[in-house]
Amino acid sequence: MPRTPLLSLRLRIISKLYTRLLSKEMSELEPGLYFEVLLLLSQHESPLTQNQIAEQLRVDKSRVVNIVYYLSSKELIFVENKPDDRRHHNIYLSPAGRSLVPVIMQRVHALNGITTAGIAENDLLVFLKVARQMEHNLETALGQPAPAAEVALNV
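Not measured: the values here are computed from a predicted model.

So, the overall build of the protein
(1) Moving on: Counting its secondary structure elements, the protein contains six helices and three strands.
(2) Moving on: Secondary structure elements of the protein, listed N to C terminal, follow the sequence α-α-β-α-α-β-β-α-α.
(3) Moving on: A total of 155 residues make up the protein; the buried ones form 26% of that total.
(4) Moving on: Across the protein, every contact between residues at least 6 apart in sequence was considered, and the portion connecting residues at least 24 apart equals 56%.
(5) Moving on: Only carbon and sulfur atoms are counted for the fraction: they give 56% of the accessible area of the protein, which is about 10,900 Å².

Following this line, the structure appears as structure tokens:
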């Protein structure tokens, strides 16, 4: 009888290798979600709040607070209190952060080329469709609603 693979292990290994190589290519930033936050902010016309970032990237708000602090200390973003609710903050890309986005996108695009080498485009589309369905299945099993907007960090 064939053994059933532990999907989380395979996905975690791929994620770790991908992030490690991207971090190596982007030594200007600490490894982690920093790239994703900058890309996410760059793809929105209006500012995002920490809650919106946490929801879209599906991470704890406390993690987002640390990321915002780090990116702010590097002057890649700036934070302002929301005028209508001072408990929440609007997060904006700074000019320095905005200028880093094309570099990140270029390196992510190159890394995606390395990652998907030897994979037919149709196979990659099937993989992405299956991954989205797995994500939906797990959210449903956990009783978690999907984020209001699909996260699509296009590069």
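A closer look at the side chain of N90
(1) Moving on: As for its placement among the helices and strands, N90 is situated in strand β3 (residues 85-93).
(2) Moving on: N90 sits in the buried class, given a relative accessible area of 10%.
(3) Moving on: Apart from the residues within four sequence positions on either side, N90 is in contact with P47, L48, T49, F78, V79, E80, K82 and P83.

A short note on the packing of helix α2 (residues 34-42) against helix α5 (residues 95-115)
Describing two packed helices takes the angle between their axes plus the distance from one axis to the other.
(1) Moving on: At a closest axis distance of 10 Å, the pairing of α2 and α5 adopts a crossing angle of 115 degrees. In terms of axis orientation, α2 runs roughly perpendicular to α5. Crossing of α2 over α5 shows left-handed handedness. Contacts from F35, L38, L39 and S42 of α2 reach α5 at R98, L100, V101, I104 and M105.

Some points on the pattern of salt bridges
(1) Moving on: Taken as a whole, this structure holds two salt bridges when the rule is applied.
(2) Moving on: Salt-bridge contacts for R58 lead to E139; the nearest nitrogen and oxygen are separated by 2.9 Å. Taken together, the residues span a long stretch of sequence, with R58 in the loop between α3 (50-57) and α4 (61-73) and E139 in helix α6 (residues 121-142) at a distance of 81 residues.
(3) Moving on: By relative accessible area, which is 39% here, R58 ends up partly exposed.
(4) Moving on: Assessed through its relative accessible area of 10%, E139 is described here as buried.

So, unusual backbone geometry
(1) Moving on: You will see that R58, though not glycine, has its phi angle at about 55 degrees, which is positive.
(2) Moving on: For E75, which is not a glycine, the phi torsion comes out positive at approximately 60 degrees.
(3) Moving on: Positionally, E75 belongs in the loop between α4 and β2 (77-82).
(4) Moving on: Taking the relative accessible area as the measure of exposure, E75 reaches 60% and is therefore exposed.

Re the pairing of β3
If a strand is regular, its side chains alternate between the two faces of the sheet.
(1) Moving on: The sheet contact formed by strand β1 (residues 48-49) and β3 spans two bridges and is antiparallel. Residue pairing in the sheet places L48 in a bridge with I91 of β3.
(2) Moving on: Linking β2 to β3, which pair antiparallel, is a turn of two residues.

Here we look at α6
(1) Moving on: Along its 22 residues, α6 runs 32 Å from first to last C-alpha, staying within 8% of the 32 Å computed at 1.5 Å per residue.
(2) Moving on: Phi turns positive one or two residues past the end of α6, at G143, with a value near 70 degrees.

Quick notes on the nonpolar core
(1) Moving on: Of all hydrophobic cores here, the largest spans 27 residues; its most connected members are V37, L38, L41, I53, L71, I77 and I104.
(2) Moving on: At the level of secondary structure, the elements contributing two or more residues to this core comprise α2, α3, α4, β3 and α5.

Digging into the sheet that holds β1
(1) Moving on: Across the sheet, which stays open at both edges, the three strands sit in the order β1-β3-β2 with antiparallel pairing between neighbours. Each end of this open sheet is capped by a strand with a single partner; those strands are β1 and β2.
(2) Moving on: Bridge count between β2 and β3: six bridges; the pairing is antiparallel. Across the sheet, V79 pairs through a bridge with I91, a residue of β3.

Definitions and limits used
Residues numbered from 1 in each chain as written. Predicted model: local features only at pLDDT ≥ 70, side-chain atom pairs only at ≥ 80, totals over all residues. Heavy atoms only, no water. Helix = DSSP H or I, 4+ residues; strand = E, 2+ residues; numbered from the N terminus. Buried < 20%, exposed > 50% of the residue type's maximum accessible area, 1.4 Å probe, protein only. Contact = heavy atoms within 4.5 Å. Areas by Shrake-Rupley, 256 points an atom, 1.4 Å probe, with all protein chains shown as cover. Axes fitted to C-alpha atoms, helices over the stretch in contact; angles between N-to-C directions. Parallel < 35°, antiparallel > 145°, perpendicular 65-115°, else oblique. Left-handed = near helix turned anticlockwise from the far one by under 90°. Salt bridge = Lys/Arg side-chain N within 4 Å of Asp/Glu carboxyl O. Pairing = 2+ DSSP bridges. Expected span 1.5 Å × (residues − 1). Core = buried A, V, L, I, M, F, W, Y, C linked by side-chain atoms within 4.5 Å.

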